[in-house]
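Residues per chain, in single letters:
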Amino acid sequence: MNQSYQISDCVQMKWEIQQQLAKEFAGVPKEEAQRILTERVAANPIFGALIKQARRTQLPYKPRF
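Residues numbered from 1 in each chain as written. Predicted model: local features only at pLDDT ≥ 70, side-chain atom pairs only at ≥ 80, totals over all residues. Heavy atoms only, no water.

Chemist: An account of the overall build of the protein is requested, with residue identities and associated values reported.
Modeler: When you go through the protein residue by residue, the secondary structure sums to 3 helices and 0 strands. Written out in order from the N terminus, the α and β elements of the protein read α-α-α. For the protein, with 65 residues in total, the buried portion stands at 5%. Of the accessible surface of the protein, which amounts to about 6400 Å², a share of 60% is contributed by carbon and sulfur atoms. (Helix = DSSP H or I, 4+ residues; strand = E, 2+ residues; numbered from the N terminus. Buried < 20%, exposed > 50% of the residue type's maximum accessible area, 1.4 Å probe, protein only. Areas by Shrake-Rupley, 256 points an atom, 1.4 Å probe, with all protein chains shown as cover.)

Chemist: Describe a nonpolar patch on the surface, with residues and values.
Modeler: A cluster of nonpolar side chains, contributed by Val41, Ile46, Phe47 and Leu50, occupies part of the molecular surface with about 410 Å² of accessible area. The residue Val41 is located in helix H2 (residues 30-43) in this model. (Patch = residues over 30% accessible without salt bridge, like charges linked within 9 Å, V, L, I, M, F, W, Y side chains within 5 Å. Salt bridge = Lys/Arg side-chain N within 4 Å of Asp/Glu carboxyl O.)

Chemist: Lay out the confidence of the model for the protein in plain terms, naming residues and giving numbers.
Modeler: Taken residue by residue, the protein gives an average pLDDT of 85. The fraction at 70 or more is 82%. Per-element confidence in the protein is highest for H2, whose mean pLDDT is 92, and lowest for helix H3 (residues 47-56), whose mean pLDDT is 85. (pLDDT = per-residue confidence, 0-100.)

Quick look at the structure:
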């Protein structure tokens, strides 16, 4: 498969997800919507484990900002 098709598919999928979330969280304060989404991701068996691992990982450098 051509890589440009893959990128186009990802962009389309991202747009569709953003539209779905905008409808789902219409009228919900931004901070509350972010909290709910964070909880959903953490509860996901795949993404939750990935986030836990990423939080445990130490960066080899310290950002200067």
